[in-house]
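Secondary and tertiary structure notes
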Amino acid sequence: MERTDAEALDRDDPLARLRDRFDLPDGLIYLDGNSLGPLPRGVAERVGRLVGAEWRDDLITSWNAHGWYDLPATVGAKLERLLGAEPGTVTVGDSTSVQLFKLLVAGARLRPDRRVVVTEPGNFPTDSYVIDGVARLLGLSVRWWSASSEPLSDVLDDDVAVVSLCHVDYRLGRMHDGAAVTRAVHDAGAVVLWDLCHSAGAVAVDLAGWAADLAVGCGYKYLNGGPGAPAFGYVAPRWLGVVEQPITGWFGHATPFALERDYRPADGVRRLLSGTTPVIGTAVLDTALDAFDGVAMADVRRKSLALTDLFLTLAAERLASFGVEAEVPRDHAARGSQLCLRLPEAYGFVQALVARRVVGDFREPDLARFGVAPLYTRFADVYDAVEHMAAVLAAGEHRRPENVARAAVT
Ligand SMILES: Cc1ncc(COP(=O)(O)O)c(C=O)c1O
């Protein structure tokens, strides 16, 4: 495999032109869009308009005049297409952790006679922490499912209320079969809550087709909504009129400005809201999602798999001889949009690459993790990144003192 082969793949790539929708720094190979997506074009102008013509000039009238009040629904509608969700089922606000809290409580309330939440030990920590917190609050118990060693059916019974899972695993990028898992959960009479943080915008998600019940995900990874962007929440149409989330703030009220004494939830997915919409962050996400205009998620998925396949080929050719192992599920159906390398000096390895302007991240204890984002990652980026990886290993840069000193955010 030569660089010209990767360049040929870029030339034939129908999504190649989408890279222009991002303001990417020159010369940077950015493989960390699974942590923080880059700046989409149009966002800076939108923020300028928002704080100028809207906030400064039109002040509070902007809630009506500039669509601030409807932003959660406006952004929700854009996300529905990317998530294969039914119209009027997605809204945005809060962080993923808070959305998880609200929807876990709501899910457990859909099955009031059942006392167990099933989840995986390999979750992103916030999922496990929130599940534990909700279990303690509601007097439920947590049952751990080890997906690699036992079938889901082994941990399901008629005491399971909610099964809460990350669709794509944050460390190794292993992806669940959304339809099959949802079916198994429903066969056991439980409801499923999907965390789509590492799926939304990167892999084809089909919430309606899976018949999923509830879902959450964050806005700042493959959706490129900026640091701390609002998260999203999904409620299936059959639960919209029934679901009761616990943070019953006025923005989720049926008529917030009637200022009634008692809480009555809004009819639709707006009932997931709690407090005042964080307008600036939500407007940024709104504009960021325009990068997906006219883009079919099936094409995004096809390119993502081609990028990770290329990485696997190159890693076998150029990195295996250093004893470095590529951790990417070989089966396409079980693969998200990221790649990992396992090596004891993973932290120093990632830092050495950053010094070479190849950005990925480190995950405890021994993983170097790289995300591929089909809207802007080029095949040549993957090729060049592997060349840099081989050079780091050959020169021992991953062991140099300046690369092994830990920073607060890894
Ligand atoms: C699977 C998963 N869930 C949740 C989060 C983060 O949640 P929050 O938006 O509350 O920080 C992450 C962050 O990386 C994640 O990977």
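Residues numbered from 1 in each chain as written. Predicted model: local features only at pLDDT ≥ 70, side-chain atom pairs only at ≥ 80, totals over all residues. Heavy atoms only, no water.

1. Some details on the overall build of the chain
Heads up, the rule is: Numbering of helices and strands runs from the N terminus, with a helix taken as a DSSP run of H or I at least four residues long and a strand as a DSSP run of E at least two residues long. Values of the radius of gyration come from C-alpha atoms, whereas the globule rule sets the reference at 2.2 Å times the count of residues to the power 0.38. Throughout this description, buried means an accessible area under 20% of the type-specific maximum (1.4 Å probe, protein chains only), exposed means over 50%, and partly exposed covers the range between. Should any heavy atoms of two residues lie within 4.5 Å, those residues are counted as being in contact. Here the accessible surface of atoms and residues is derived via Shrake-Rupley with a 1.4 Å probe, and residues count as covered only by protein chains that are part of the display. The charged-residue count follows a simple rule in which Lys and Arg add positive charge and Asp and Glu add negative charge, with His and chain termini not counted at all. Where a charge lies is defined by one atom per residue type, namely NZ (Lys), CZ (Arg), CG (Asp) and CD (Glu).
In terms of helices and strands, the chain carries 13 helices and 13 strands. For 410 residues, the compact-globule estimate of 2.2 N^0.38 gives 22 Å, and the C-alpha radius of gyration of the chain, at 22 Å, lies within 12% of that figure. If you line up the chain on its principal axes, its C-alpha atoms span 70 × 60 × 40 Å. Residues counted as buried form 56% of the 410 residues belonging to the chain. Put simply, 72% of the contacts in the chain that link residues at least 6 apart link residues at least 24 apart. When the accessible surface of the chain is split by element, carbon and sulfur atoms take 55% of a total near 16700 Å². Positive and negative side-chain charges in the chain, numbering 42 and 55 respectively, have mean positions lying 2 Å apart.

2. Side note on the packing of aromatic side chains
Put simply, the test is: Note on aromatic contacts: the rings of Phe and Tyr and the six-membered ring of Trp form a pair at centre separations within 6.5 Å, being stacked when their planes are under 30 degrees apart, edge-to-face when over 60 apart, and tilted otherwise. Distance and angle both matter: a charge sits over a ring if NZ of Lys or CZ of Arg is within 6 Å of the ring centre and within 35 degrees of the ring normal.
Evaluation of the coordinates by the stated rule reveals 10 aromatic pairs. Here the guanidinium or amino end of Arg-270 rests over the ring plane of Tyr-69, the centre of that ring lying 3.9 Å away. Above the face of the Tyr-347 ring, Arg-406 is positioned so that its terminal group lies 4.6 Å from the ring centre.

3. Concerning the side chain of Thr-182
As a reminder, the rule being used: Two N or O atoms count as a polar contact when they lie within 3.5 Å, although within protein this holds only if one can serve as hydrogen donor and the other as acceptor, and sequence-adjacent residues are included solely when both atoms are side-chain atoms.
In this fold, Thr-182 is placed in helix H7 (residues 178-187). What makes Thr-182 buried here is its relative accessible area of 0%. A polar side-chain atom of Thr-182 sits 2.6 Å from the main-chain carbonyl oxygen of Gly-178. Filtering out sequence-adjacent residues up to four positions away, Thr-182 remains in contact with Val-192, Trp-194, Trp-210, Ala-211 and Ala-212.

4. Regarding the site of the ligand
What counts, and what does not: Proximity is defined per residue: if any heavy atom of the residue lies within 4 Å of a molecule or strand, that residue is considered near it. Ten residue types, Ala, Val, Leu, Ile, Met, Phe, Trp, Tyr, Cys and Pro, are classed as nonpolar, four, Asp, Glu, Lys and Arg, as charged, and the remainder, Gly among them, as polar.
Inspection of the region around the ligand gives Ser-95, Thr-96, Ser-97, Phe-124, Thr-126, Asp-127, Cys-166, Asp-195, Cys-197, His-198, Tyr-220 and Lys-221 as its neighbouring residues. With respect to the ligand, the side chain of Asp-195 contributes an N or O atom lying 2.8 Å from a nitrogen atom. Residue His-198 places a side-chain N or O atom 2.8 Å away from an oxygen atom belonging to the ligand. The set of elements that each furnish at least two residues to the shell around the ligand consists of helix H5 (96-110) and helix H6 (125-138). Residues that form the shell around the ligand fall into these classes: four nonpolar, five polar and three charged.

5. So, the environment of Ala-385
As for its position among the elements, Ala-385 is in helix H12 (residues 379-395). Along the sequence, Ala-385 and Leu-273 sit 112 residues apart, while their C-alpha atoms lie 42 Å from each other. Each residue touching Ala-385, except ones within four places of it in the same chain, is listed here: Ile-29, Leu-31 and Val-358.

6. Regarding empty space enclosed by the protein
In plain terms, the rule: Points on a 1 Å grid over protein atoms alone make up a cavity when a 1.4 Å probe fits among them but cannot get out, and a pocket when they form an open set with protein on both sides within 12 Å along at least five of seven lines; lining residues each have an atom within 4 Å of a point. Grid points are joined across faces, edges and corners, and a volume is the space filled by probe spheres set on the points.
In this structure the tally under the stated criterion is one cavity of 30 Å³ or more. Taken as a whole, the largest cavity encloses approximately 40 Å³ of empty space. Lining the largest cavity are Phe-22, Gly-201, Tyr-222, Asn-224, Phe-292, Val-300, Ala-373, Pro-374, Leu-375 and Tyr-376. Looking at the lining of the largest cavity, its residues break down into eight nonpolar, two polar and no charged.

7. Comments concerning the sheet that holds strand S13 (residues 367-371)
This is how it is decided: The pairing criterion for strands is at least two bridges between them, as found by DSSP. Every angle, taken between N-to-C directions, lies between 0 and 180 degrees, and every axis is a line fitted to C-alpha atoms, over only the stretch in contact when it is a helix.
Across the sheet, which stays open at both edges, the four strands sit in the order S9-S10-S13-S12 with antiparallel pairing between neighbours. Sheet topology places strand S9 (325-327) and strand S12 (361-363) at the edges, where each strand pairs with a single neighbour. For this sheet, the mean inter-axis angle between neighbouring strands, taken without regard to orientation, is 35 degrees. The sheet strands contacting helix H11 (residues 346-355) are strand S10 (338-342), S12 and S13, and the helix crosses S13 at an angle near 40 degrees.

8. Topic: the UniProt feature "binding site: pyridoxal 5'-phosphate" (unreviewed entry) in the chain
Put simply, the rule is: UniProt positions are given in the numbering used here, feature names are shortened, and annotations may be inferred rather than shown by experiment.
Cross-referencing UniProt, the feature "binding site: pyridoxal 5'-phosphate" (unreviewed entry) maps to Thr-96, Ser-97, Phe-124, Pro-125, Thr-126, Asp-127, Asp-195, His-198, Tyr-220, Trp-250 and Thr-276 in the present numbering. An extended arrangement is adopted by the annotated residues: their sequence extent is 181 residues, and the largest C-alpha distance between any two is 30.6 Å. With respect to the helices, strands and loops of the structure, Thr-96 is situated in helix H5. When its relative accessible area of 8% is taken as the criterion, Thr-96 is described as buried. The contact partners of Thr-96, leaving out residues within four places of it in the chain, are Asp-195, Cys-197, Val-216, Gly-217, Cys-218 and Ala-231. With respect to the secondary-structure elements, Phe-124 resides in the loop between strand S3 (116-119) and H6. Apart from the residues lying within four places of it in its own chain, the contact partners of Phe-124 are Cys-166 and Tyr-170.

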